Amino acid sequence: MTTNSSPQLWLYDTTLRDGTQREGLSVSIEDKLRIAKRLDQLGIPFIEGGWPGANPKDVQFFWQLQENPLKQAEIVAFCSTRRPNCTAATEPMLQDILAAGTRWVTIFGKSWDLHVTTGLKTTLEENLAMISDTIEYLRSQGRRIIYDAEHWFDGYKHNRDYALQTLEAAIASGAEWLVLCDTNGGTLPHEISQIVQDVIRVTAEWGMGHGEWGMGKESTQSPMPNTSLREAAPTATLGDATRTLSTSAQSPMPQIGIHTHNDSEMAVANAMAAVMAGAKMVQGTINGYGERCGNANLCSLIPNLQLKAGYSCITEDQLTQLTEASRFVSEVVNLAPDEHAPFVGRSAFAHKGGIHVSAVERNPLTYEHIQPEQVGNSRRIVISEQSGLSNVLAKARSFGIELDQQKAEAREILQRLKDLESEGFQFEAAEASFVLLMHEALGDRQKFFEVKGFQVHCDLIEGKETSNALATVKVAVEGKNILEAAEGNGPVAALDAALRKALVNFYPQIATFDLTDYKVRILNGHTGTAAKTRVLVESGNGRQRWTTVGVSTNILAASYQAVVEGLEYGLLLQSQAETVLKASS
C-alpha cells in the first residue's frame, strides 16, 4: 500500500514499439493513438511511441501527437546511436528524431563487445564515440536523453570493464537515465540484483570523482517528466527538422532503470529485483507483449510494486483501471486476452473448488492475495463438476437468485450440473446456460418461445471456397406456429438467421443481439466422425456479453442448443431490465 511518503518509481511503457514486435501483432496509426491515450489516462509517465523515420506509420504517429498532445505523459522517440565513422550532426536518422518534436529521446547503444565487433563491425573505441557523439548532439538540440544499454547484462558478464565504459560515455555526454537491458532475457534475479548494485556503486564513485556530469554546471532539471516544463518543450515540426532548441543544464547524476525480456520466464522477477537493488525506472509493456517470449508485463509489475513493495507508481484510482486497460489493449491489437493472467485475467480471482469457495465466502483473504477491486477486477465463483453446494449458492447469489441450502432445489441443481458435465457440458465457460438451468430447476424458467424443429440444407459447389446454406425453423410463440427460412454462409449462420427472422416480430430487441464468438471442441476424438462435440456460443447486445453451451454427437444439434439458449438468455436479460425499470418508475 502506498502513502504520501512512498518512494517514487517511474514507469516507461514500450508497448507501441517493443510490444508491436510480437509475432502476429500489428497495429495501425489509429490503433497506436488509441493505446497511447489509454496509457496516458492510466498515468504512465513515459510512453515510447516508436522509431521516427523507421517507417511512415511512426512518422505520422508523432506528427499527430504534436497536433493533439497527451495530457500528462511524456511521449518518447526511440533511436539507435549514429552509425560508425560518421558524425551525429550529419546522421539522417537523427534528423527524423528531432522532427518528431519530443522532449525526451531514448537512444540505445551497444554494451557487449561481441555486438560491437561482430554486429557493428567496428572498434570498441568507435562504439564509445558513437554513444558520446549521439547524446551530445541531441542534448545540443534541447533533447533530454534516456540511454538504453542494450545487452547490458550479457556484456557485463563477458567484459565488465568495457560495459562500464559505455555507461561512462553516456553519463559524460549528458544522459539523464541509464537503463540496463536484459535484451536476451537470460539473466536470473540474483544476477540482476548484484549487477545493478555494482552499477549504482560505480556510478556514484564516478560522480564523486568527476564532480558534475553532463553539459551544464548547475543542476536545474530533475531527471523526471515534469509538466511544468512543457512550455520549454521542443517545438520542431516534420518540416523543420534541423531547428536548434534551447537546452538547460543536466542533472549531476543519472538515475538507473531496468528493461527485461521474458525468455527465461523471469522478466517480472528480474525487474522487481532491479528495483529492490535501487533502480528507479521500470520499462515494460501492457500484457507483456514483445518479441519472442515478450517483455516485462506492466500489468503484473505495477500492482506488485505498488501494493506489495510500497512504491508509488500511479494513483489508487488509476490502479483500479488496470484490468480495463489490459483488456482494451488486447482488443485493439486483436489478440485474445490471457484469461489466466495474474491480477487482470478473468480467472485471476476465480474460485472453483468447493472448499475454496466456502472459505472465500467467509473471508476472501483465505484464497486471495489482494482485493480484486484494487486492480479493477472481480471475484468469480466457477461452476463445474468439482463444485460443492457453496459454489452453487454463491453463483446463484451473483445472479440475484437466493437459494436455500436446506431445500431440495439447491442440491437438485448441483446434481444436474454434475450429470451434464459428465456428458461433456462445461458451465464454467457458459454461465448463461447455468442461469437457465437454475431457473429450470426452480420452476420459473420463462418460455419466450419453443422450437418445434429445424432443417438445414447445404450446397457444396466444386471450385468455390464458400458454401451456401438454407435453414428452415418452426417456432411456437404466444400460441402461434411460425415457419421461417433464411440463408447463410454456413449451416450455423443460416440457423441463427432463421431463428431471428421467426422471432423478431414478437421480440424486436433480438435485432440488437449479435453472435460474437463460436467455438467447437471435439470431446472424444478417438471415435472419429461419431465424436461428441461441444459448442460454445458468445452473444452480446452492445452492453453485455454472455456464453451458452450445447453438446451432441451432431455438431448442428449442439450448435442449435447453444444458439437457442443464447437468444433465450438475451431475452431474459431484457425482461429483467424492464422489470427493474417498471419498479423504479
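Just so it is clear, the model here is predicted, and its values are computed rather than measured.

(A) Representation of empty space enclosed by the protein in the model. According to the stated counting rule, one finds one cavity of 30 Å³ or more in the structure shown. As a volume, the largest cavity reaches approximately 60 Å³. For the lining of the largest cavity, the secondary-structure elements that each account for two or more residues are helix H17 (491–503), strand S14 (514–522), strand S15 (533–540) and helix H18 (555–584). Classifying every residue of the lining of the largest cavity gives five nonpolar, two polar and three charged.

(B) Looking closely at the pairing of strand S16 (residues 545–552). Here S16 lies mainly inside the structure; seven of its eight residues are buried. Bridging between S15 and S16 involves eight bridges; their strand directions are antiparallel. Residue pairing for S16: Glu 538 is matched across the bridge by Thr 547. Connecting S15 to the antiparallel partner S16 that follows it, the hairpin turn spans four residues, and Gly 542 within it adopts a positive phi of roughly 90°.

(C) Seen up close, the pattern of salt bridges. Summed over all chains, the structure comprises 27 salt bridges. One salt bridge connects Glu 324 with Arg 38, and the closest N-O pair in it is separated by 2.4 Å. Placement of Glu 324 in helix H12 (residues 322–332) and of Arg 38 in helix H1 (residues 29–42) is noted, with a sequence separation of 286 residues between them. Exposure remark for Glu 324: the relative accessible area of 39% places this residue in the partly exposed category. Because the salt bridges share partners, they merge into one network encompassing Arg 160, Asp 161, Asp 198, Arg 201 and Glu 205.

(D) Region of the structure containing the packing of aromatic side chains. One pass over the full model with this rule turns up eleven aromatic pairs. Ring centres of Trp 51 and Phe 78 lie 5.9 Å apart, and the angle between their planes is 75°; on these two criteria the pair is classed as edge-to-face. Here Trp 51 is found in the loop between strand S2 (46–50) and helix H2 (56–67), whereas its partner Phe 78 is found in strand S3 (residues 74–80), with 27 residues between them in sequence. Summarising the aromatic geometry, the rings of Trp 546 and Tyr 569 are spaced 6.0 Å apart at their centres and angled 55° between planes, so their arrangement reads as tilted. Taken together, the residues span a long stretch of sequence, with Trp 546 in strand S16 and Tyr 569 in helix H18 at a distance of 23 residues. A relative accessible area of 4% means that Trp 546 is categorised as buried. Arg 17 extends its terminal NZ or CZ atom over the ring of Phe 78, reaching a point 3.7 Å from the ring centre.

(E) Main features of the sheet that holds strand S12 (residues 468–477). Ordered by their spatial adjacency, three strands build an open sheet running S11-S12-S13, and the pairing between neighbours is antiparallel. Among the strands making up the open sheet, the edge pair consists of strand S11 (450–459) and strand S13 (480–488). Taking the axes of each pair of neighbouring strands and ignoring which way they run, one obtains an average angle of 15° across the sheet. By the bridge criterion, nine bridges tie S11 to S12 in an arrangement that is antiparallel. Pairing of Cys 458 across the sheet is with Ala 469, part of S12. Along the sheet, H17 contacts S11, S12 and S13; its crossing angle with S12, the most-contacted strand, is approximately 35°.

Here is what the cut-offs are and how they apply
Residues numbered from 1 in each chain as written. Predicted model: local features only at pLDDT ≥ 70, side-chain atom pairs only at ≥ 80, totals over all residues. Heavy atoms only, no water. 1 Å grid on protein atoms, 1.4 Å probe; cavity = no way out; pocket = protein on both sides within 12 Å on 5 of 7 lines; lining within 4 Å. Points joined across faces, edges and corners; volume = space filled by probe spheres on them. Helix = DSSP H or I, 4+ residues; strand = E, 2+ residues; numbered from the N terminus. Nonpolar A, V, L, I, M, F, W, Y, C, P; charged D, E, K, R; others polar. Buried < 20%, exposed > 50% of the residue type's maximum accessible area, 1.4 Å probe, protein only. Pairing = 2+ DSSP bridges. Salt bridge = Lys/Arg side-chain N within 4 Å of Asp/Glu carboxyl O. Phe/Tyr/Trp six-rings, centres within 6.5 Å; stacked < 30°, edge-to-face > 60°. Lys NZ or Arg CZ within 6 Å of the ring centre and 35° of its normal. Axes fitted to C-alpha atoms, helices over the stretch in contact; angles between N-to-C directions. Contact = heavy atoms within 4.5 Å.

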